[in-house]
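# Observations on the model geometry
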Amino acid sequence: MHPTAPNLTRSQPGASSPPMIAHHHSRLRLMGIVMACIALLLGPAALAHGYKAGSLAIHHPWTRATPAGARVAGGYLVIENEGSEPDRLLGGASEAGTAIEVHEMSEADGIMTMRALTDGLTIPAGGSVELKPGGLHLMITGLKRRLMEGEKVKATLAFEKAGRIDVEFEVQPIGGSPARDEEDGHGGHTH
Ligand SMILES: [Cu+2]
């Protein structure tokens, strides 16, 4: 129960109304307050696992559980820009590692290579960008611990205009959907 609820009940006007009605009314108020508190505690993450900042919407950030000894972990999400100006994803930080970089994976002559986008990734006005295994992705570098399936990894993403946005990456199983391309590509990775 919320600590301020008794005060609100006491300051209720119409103390002269029949006890039954007053009681019923204050219980409704109390329920409303309790619901509001629950909504505050759960925060935006509970609402379909999405985040908003300025004109940006970030959908379902996820990563994969890591094997022992892994030094990096991928990060995947969809960023939507509902504004009229482009923005730029610069990178970020996470409690699980030393930094978050924006990477691009591409294939040349049958070899998958990965490079860091040091100038960031443009999110076009009115458009969206998907970061997914085998393509554009985030990379948590300097991994400090194993990521376990089912946990959530706190992170902050940095955008040129929208600023910093706190998100949580849902950890899916090792080799979780959709493909294993990224692990294959990590053979030639220089992290
Ligand atoms: Cu990478």
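Procedures and definitions
Every residue gets a number counted from 1 within its own chain, in the order that chain's sequence is written. Residue-level local features of this predicted model are given only where pLDDT is at least 70; pairs of side-chain atoms are given and counted only at 80 or more, and the full residue set underlies all totals for whole chains, interfaces and linings. We count a stretch as a helix when DSSP gives it H or I for four or more residues in a row; a strand needs E for two or more, and each element gets its number in order from the N terminus. In this scheme every C-beta is placed from the backbone, and a residue whose C-beta has 20 or more other C-beta atoms within 10 Å is buried, one with 12 or fewer is exposed, and one in between is partly exposed. A pair of residues counts as a contact when their C-beta atoms, built from backbone coordinates, are within 7 Å of each other. Paired strands, in this sense, are two strands between which DSSP finds at least two bridges. Definition of nonpolar core: a set of buried Ala, Val, Leu, Ile, Met, Phe, Trp, Tyr and Cys residues joined via C-beta atoms within 7 Å. Every residue gets a pLDDT, meaning the predictor's confidence in that residue, from 0 to 100.

## Looking at the overall build of the protein
Counting secondary structure elements, the protein contains three helices and 11 strands. In the protein, the order of α-helices and β-strands from amino to carboxyl end is α-α-β-β-β-β-β-β-β-β-β-β-β-α. For the protein, with 191 residues in total, the buried portion stands at 23%. Long-range pairs, those at least 24 residues apart, make up 68% of the contacts in the protein with a sequence separation of at least 6.

## Considerations on the pairing of strand β5 (residues 99-108)
Bridge count between β5 and strand β9 (residues 137-141): five bridges; the pairing is antiparallel. Bridge pairing links Ala99 to Thr141 in β9. Summarising the sheet, β5 and strand β6 (residues 111-116) pair through six bridges and their orientation is antiparallel. Bridge pairing links His103 to Ala116 in β6. From the end of β5 to the start of β6, which pair antiparallel, there are two residues, and Asp109 there has a positive phi angle of about 55°.

## Observations concerning the nonpolar core
The biggest cluster of nonpolar side chains holds 25 residues, and the ones touching the most others in it are Leu56, Ile58, Ile79, Leu89, Val153, Ala155 and Val167. Of all the secondary structure elements, the ones that give two or more residues to this core are β2 (56-64), β3 (73-81), β5, β9, β10 (152-159) and β11 (163-172). Excluding residues that lie within four positions of it along the chain, Val167 makes contacts with Tyr51, Ile58, Pro61, Ala155 and Leu157.

## Examining the pairing of β10
On a regular strand, each side chain points to the face opposite its neighbour's, so the side chains alternate between the two faces of the sheet. Burial along β10 is one-sided: Val153, Ala155, Leu157 and Phe159 are buried, and none of Lys152, Lys154, Thr156 and Ala158, which face the opposite way, are. Direction of pairing for β10 relative to β11: antiparallel, over a ladder of eight bridges. Bridged to Lys152 within β11 is Glu170. Where β10 folds back onto β11 in an antiparallel hairpin, the turn is made up of three residues.

## A look at the environment of Gly92
Within the secondary structure, Gly92 sits in strand β4 (residues 87-94). When the C-alpha atoms of Gly92 and Met139 are compared, they prove to be 9.5 Å apart, with 47 residues separating the residues in sequence. With sequence-adjacent residues up to four places away left out, Gly92 is seen in contact with Ile100, Ala155, Thr156, Leu157 and Ala158.

## Comments concerning the confidence of the model for the protein
Mean pLDDT for the protein: 80, with 67% of residues reaching 70 or above. Confidence drops under pLDDT 50 across residues 178-191; counting only partners more than four residues distant or on other chains, this segment forms 22 contacts.

## Comments concerning the environment of Glu130
Mapping Glu130 onto the fold places it in strand β8 (residues 128-131). The exposure class assigned to Glu130 is partly exposed, which follows from the 13 C-beta atoms found within 10 Å. Considered as a pair, Glu130 and Tyr76 are 54 residues apart in the sequence and their alpha carbons are 7.7 Å apart.

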